[in-house]
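# Breakdown of the fold
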Amino acid sequence: MLRLRTLLVTCALMLPLIAGAAEKSSDNILPFHATEKTLANGLKVIVVPTGFPNIVSVQIPVQTGSRNEVEPGKSGFAHFFEHIMFRGTPSYPPDKYNAIIQQAGARQNAFTSDDFTNFHTTFAKEDLAKILEIEADRFKHLSYAPEVFKTESRAVLGEYNKNSASPIRKILEVQRDAAFTTHTYKHTTMGFIKDIEDMPNQYEYSKEFFNRWYRPENVTVIIAGDVDPDKVIPLVEKYWGDWKPGTFKANIPAEPAPQKPVYAHVEWPSQTLPWVTVAFRVPGFDEHAKDIPAIDTALDLEFGETSDLYKRLVEQEQKVDRMFVYNDPRVDPSLYTVFARVKDGKDSVDVRDAIIETFAKLRDKAEPDQRVNDAKSNSRYAFVRSLDTTEAIASTLAQYVHFNRSFNTVINYYKQLAALTPADIQSTAKKYFTDNGLVVTTLSKDPLPADMTKLPAVSANKSLPVTSDLRVVKQKSVFPQVEVKLLFNAGSSNDPAGKEGLATLAAAMITDAGSKPMTTSEMNRALYPVAGVWGSQVDKDMTTITGSIHKDNWQKFFDVVLPSLLTPGYRDDDFQRIKETQLNALKQDLRNNNEEELGKERLQINLYAGTPYAHPSIGTVAGIEAITLDDVKKFVADNYTRGNLVIGVSGDFPDAMLAQLQSELAALPAGAKVAEGKKSLAPIAGHQPVGLEVEIVQKDTRATAISMGFPIPLTRDSADFAALNVARSWLGEHRASSGDLYQRIREVRGLNYGDYTYIEFFTRPGAQFFPSPNIARRSQAFEIWIRPVVPVNAHMATRLALYELQKLIDNGLTQEQFETTRDYLMKNTYLATATQDQRLGYALDSWWFGIPEYTDYMRSQYAKLTRDDVNKAVKKYLSAKNISLVYIAKDAEGLRDQLLKDEPSSIKYDAPKPELAEEDKVIGSYKLNIKPENVKITPADAVFAK
C-alpha cells in the first residue's frame with residue numbers, strides 16, 4: 001500500500017482540479033477534474049476522467065474492516081467478505097458474473113485492511129454500464145449457501161497458512177495482540193487463528209455481519225478513466241439508487257491509555273535472521289490536526305534511506321540488512337513501527353537502542369528547516385511518479401476516501417501538511433514518543449541476549465553517530481514523469497561457473513553503491529528532494545537499470561546517477577554490504593520465508609539443470625560467497641558496453657535530456673554490437689521430464705506448496721505462442737477466478753487460495769497481475785502453480801491439477817470457451833501495458849524478441865486464431881504424463897510414501913458436497929505412476945547452496 005502521507009499530500013495538489021472545491025491553488029500538478037455526488041440512500045459517487053484512453057477503473061471502498069469485528073470469537077469476517085463477495089447472486093451466479101468480467105477483458109480483485117475493504121475492477125470502457133450493473137447487484141443481493149460458505153472459509157484458512165511463512169506478518173500479529181487490550185485492532189485483518197478455524201460454523205453470523213455493514217452509507221463508488229461524469233452518475237443512480245440504507249451502529253471499544261511499555265517475542269521455527277521492531281502508539285487520523293503528518297514526516301526523515309541511522313546501521317556498521325517503516329494511519333489510535341532485520345543476534349539490543357534513541361532525538365531537537373522542506377518536495381514528486389495509470393489514480397483515491405468519503409479530507413490534510421514546521425514535529429514527538437507508548441517486538445529462531453527484555457527509557461542519552469551507435473526506443477507522451485531504462489544484453493546466464501550471482505551483485509554495485517564522486521548516502525540525500533528512483537533488475541538474459549524522475553529535475557538526476565554507471569564507486573564496504581544483503585535475500589527471503597517463490601524457483605532449476613539457467617538469478621550460496629570485488633569490476637567492464645545496450649525512454653522528456661543521455665553513455669566501452677537480444681544468443685534446451693519427476697523440499701511449514709511444469713519450445717516471438725496463451729488463460733489465468741484450475745480446486749473444493757498456469761516466467765506471483773517487463777528469456781516453461789494446501793490434501797490437489805490438464809489435452813476448448821478466452825485476452829492485453837514502466841519495458845522486450853509493439857502484435861495474433869489452432873497447440877506442446885513437480889512440505893517422507901503408494905485420495909469437506917462425490921472418486925483414483933527413482937527429498941537449507 002502506498003504511504004498515505006505521500007498520497008494525501010500530492011492528491012491535495014489536485015485540489016484546484018476538483019469540481020466544487022472550496023479553494024484554488026496555483027500548483028496545478030495534474031489535469032484531472034473530479035465530480036462527486038451523494039445519492040439519496042447515502043451512497044457516495046466520485047467520477048474522475050483521467051485522460052488515459054480506453055480503460056476504466058471502478059474502486060469500491062467499503063468502510064468495513066477488521067475494526068468492525070466487535071464480538072468475541074468473530075474476527076476475520078471483514079476479510080472473509082472480501083472473498084465471499086465473488087460468490088454470486090441469484091441474477092448473476094459466479095459463472096455468469098465471471099463470464100461478464102472476462103468478456104470485459106477485466107482484471108479484478110479486492111483487499112481488506114483494518115478500516116476498510118476495497119473492491120477494484122479495471123476494464124475496457126465499453127463495458128462500464130454492465131460492470132456497474134453487476135457490481136450493484138452483488139452488493140445488494142449477495143447470496144451464498146451454507147456449503148459455499150464453508151468452502152470459502154477454508155480458502156481463508158488457506159490464505160492464513162500461506163501468510164504463516166512470513167516473519168513480518170507474524171510480528172505484526174503478535175505485536176498487536178500484546179499492545180492492545182480492548183480495541184479491535186488487537187487482531188490483524190486476517191483475524192485470530194482460532195476464529196478462522198471456527199469460521200465454518202458461523203454461517204448465520206456471516207449473514208448478520210453482511211447486513212450490518214454492506215450498506216450504501218458505508219460505501220463509495222469511484223469511477224476513473226475514459227469517462228464522462230454526466231453519463232456515469234445517472235448509471236450509478238440507475239443501478240445503485242434503490243439499495244436500502246441500514247441502521248446499525250457499532251460500539252467500537254476504545255483502547256485505554258497505555259500504562260507501561262510492552263515487549264513481546266516470537267520464537268520462529270525455521271532459519272531466519274532476527275527481527276527487531278520498535279513501535280509507538282499514534283493518534284487516529286484527524287484531517288484537522290498536524291499529528292499524523294508530523295509523525296509521518298519525522299519517520300521519513302529519521303528512518304528512511306537518507307537518514308543518519310540508516311547510513312550507520314545498514315551502510316557503515318552493517319549490523320542491519322533491512323530497515324523500513326510501517327506507518328499507515330488508522331481511524332482510531334494505532335501503532336507506527338520501525339522494522340530492522342539484524343544480521344547477528346548479538347547486535348539486536350544495540351539496534352533496538354539505536355532506534356529508540358533516534359525517536360528520543362526527535363523529541364529533544366527540532367529538524368532543520370531544509371530537511372522538512374525536502375520531505376515535502378519528495379512527497380510531491382513521488383506522487384507524480386506513482387499515478388501513471390487510471391488504475392493507480394483510482395486506487396489512490398480509495399486509500400483516503402475511506403476515512404470520510406469526501407475530498408474535503410485531502411483538502412484539510414494538505415492544509416495541515418503545508419503548514420507543518422520543525423517545531424510542530426518536535427512537539428508531536430514529545431506527545432507520542434513516550435515510555436508508556438513504546439512497543440518492542442522481536443522474532444528469532446535462536447535466543448536473543450537477555451537484555452532484550454529490559455526496555456530502556458525513551459531518552460537521548462547517546463549521540464548517534466550521444467553517440468550514433470546507441471540504439472534508442474522512444475515513447476513520447478504528455479506524462480511529466482520521465483522514465484529511462486538501460487537494457488544490457490547480459491544476465492545471470494553470463495555468471496561464470498562457481499560465481500553464480502555475479503550479474504545481480506554487479507548490477508547492485510552500479511545502482512546501490514555510489515560513484516567515485518558520491519557515496520551511496522550522498523546520492524540518496526541528493527535524490528530525496530526530487531523523489532528520484534535508480535534501481536536494477538537482473539534476469540537470465542538481461543540486466544535492466546531503471547531511472548525515474550520528474551521532467552523538471554532530469555538534469556540534477558543525471559548529474560547524480562549517471563556517474564554510478566560511468567565511474568562506479570567500487571568501495572569495499574559497499575561490496576561487503578551488498579554481498580551480504582544478496583546472501584540474505586537468497587537464504588532468508590527466498591529459501592526460508594516464501595514457500596511459493598521457493599517452489600517456483602526450484603522448479604526452474606530442475607528444468608534447466610546443466611544449462612546457464614541452472615541457478616536463480618540471485619545466485620547460489622557458494623557462488624555469492626566466492627565473488628570478489630575484482631570479479632564485479634571485470635563483469636561490468638565486459639558486459640556494460642554500448643554494443644550490449646539499448647536505451648528506452650518515455651514520458652514528456654525534453655530533446656536536450658535524450659541528447660545528453662546519449663552523449664554521456666558514449667563514455668561506455670564500445671563492445672561488440674549485438675543484434676536483437678534473442679538472436680545473438682545460443683538456444684537453451686531444458687530438461688524434458690520422463691514420467692513424473694518429483695523433488696520434495698523438506699521445510700517446517702504449515703501448508704504444502706506445489707509447482708509443476710516442463711520446458712516448452714515457445715517464446716513470445718513463436719508462431720504458436722498466442723494459441724498456447726489462450727489455452728493457458730482458460731486453464732489458469734494468473735490471480736483470476738475464471739480459470740478452470742481455480743474453479744475446480746479452489747472455488748468448488750476450497751482446497752487453497754488459488755491455482756494458475758504460465759508459459760512465461762512470472763516473478764513475484766503473489767503480488768502482481770502481469771508478468772514483469774524485462775524478464776524476456778530464450779527458453780520458457782509451462783508451469784502450474786498450486787498455492788499452498790493443507791498437507792493432507794497435497795496428493796489430491798496434484799491429481800486434480802493433472803486430471804484437469806489431461807482433460808484439456810484430450811478434449812481441447814469448446815468454441816464458446818475459445819471465443820470467451822480469446823476475447824478476454826484481446827482486451828486484457830491493454831492492461832498488461834497500462835503503466836509507464838510496463839509500456840516501456842514491454843517495448844524493450846519486443847526489441848529483444850524482434851517483434852512489433854507488444855499490444856498491437858498480440859491483438860493481431862489473437863485476431864487470427866481459430867479454435868483448431870489452440871487445440872492443436874495444446875496437443876503439440878502440453879503433457880500431463882511427463883512433468884516435473886516440486887513440493888515444499890514439512891513431512892517430506894510421508895508425502896513421498898503417499899505419492900509412491902498411489903492409493904486413492906479423498907477430501908473431507910466441512911459441508912457435504914454430494915454433487916462432487918463421483919468426480920472426486922474418479923480423480924482420487926487417477927494414477928500418477930511415479931517411480932521411486934524419480935523422487936528425491938532435499939532439506940531446505942541445501943536448496944540453492946551451490
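Before any of the text, the structure's been laid out above.
This is a predicted model, so every value here is computed, not measured.

## Remarks on the pattern of salt bridges
Counted by the stated rule, this structure contains 61 salt bridges. A salt bridge links Asp589 to Arg341, with the shortest nitrogen-to-oxygen separation between them at 2.6 Å. We classify Arg341 as buried; its relative accessible area is 1%. With a shortest N-O distance of 3.5 Å, Lys807 and Glu804 are connected by a salt bridge. You can see Lys807 and its partner Glu804 sitting in helix α27 (residues 794–811), 3 residues apart, about one turn around the helix. Taken together, the shared-partner salt bridges in this structure form one network comprising Arg87, Glu152, Arg746 and Glu747.

## Things to note about the packing of helix α11 (residues 308–316) against helix α12 (residues 348–364)
Across the interface, α11 lies against α12 with an axial gap of 11 Å and an inter-helix angle of 170°. For the element pair α11 / α12, the angle class is roughly antiparallel. Contacts from Asp308, Leu309, Arg312 and Leu313 in α11 reach Val351, Ala354, Ile355, Thr358 and Lys361 in α12. Residues of the contact of α11 with α12, tallied by class, amount to 5 nonpolar, 1 polar and 3 charged.

## Observations regarding the sheet that holds strand β4 (residues 107–112)
Strands pair in a sheet through their backbones, by hydrogen bonds, and they do so in one of two ways: parallel or antiparallel. Read from one edge to the other, the open sheet built from 6 strands follows the order β1-β2-β6-β3-β5-β4, with strand pairing classed as mixed. In this open sheet, the two strands that pair with only one neighbour each are β1 (35–38) and β4. Within this sheet the neighbouring strands show an average axis-to-axis angle of 10°, counted without direction. The sheet contact formed by β1 and strand β2 (residues 44–49) spans 4 bridges and is antiparallel. Pairing of Thr35 across the sheet is with Val47, part of β2. The sheet contacts of helix α2 (residues 77–84) involve β4 and β5 (117–124), and relative to β4 the element is tilted by about 170°. Sitting on the sheet, helix α28 (residues 815–832) touches β3 (55–62), β4 and β5, and the angle it makes with β4 is about 55°.

Cut-offs applied
- Residues numbered from 1 in each chain as written.
- Predicted model: local features only at pLDDT ≥ 70, side-chain atom pairs only at ≥ 80, totals over all residues.
- Heavy atoms only, no water.
- Salt bridge = Lys/Arg side-chain N within 4 Å of Asp/Glu carboxyl O.
- Buried < 20%, exposed > 50% of the residue type's maximum accessible area, 1.4 Å probe, protein only.
- Helix = DSSP H or I, 4+ residues; strand = E, 2+ residues; numbered from the N terminus.
- Axes fitted to C-alpha atoms, helices over the stretch in contact; angles between N-to-C directions.
- Parallel < 35°, antiparallel > 145°, perpendicular 65-115°, else oblique.
- Contact = heavy atoms within 4.5 Å.
- Nonpolar A, V, L, I, M, F, W, Y, C, P; charged D, E, K, R; others polar.
- Pairing = 2+ DSSP bridges.

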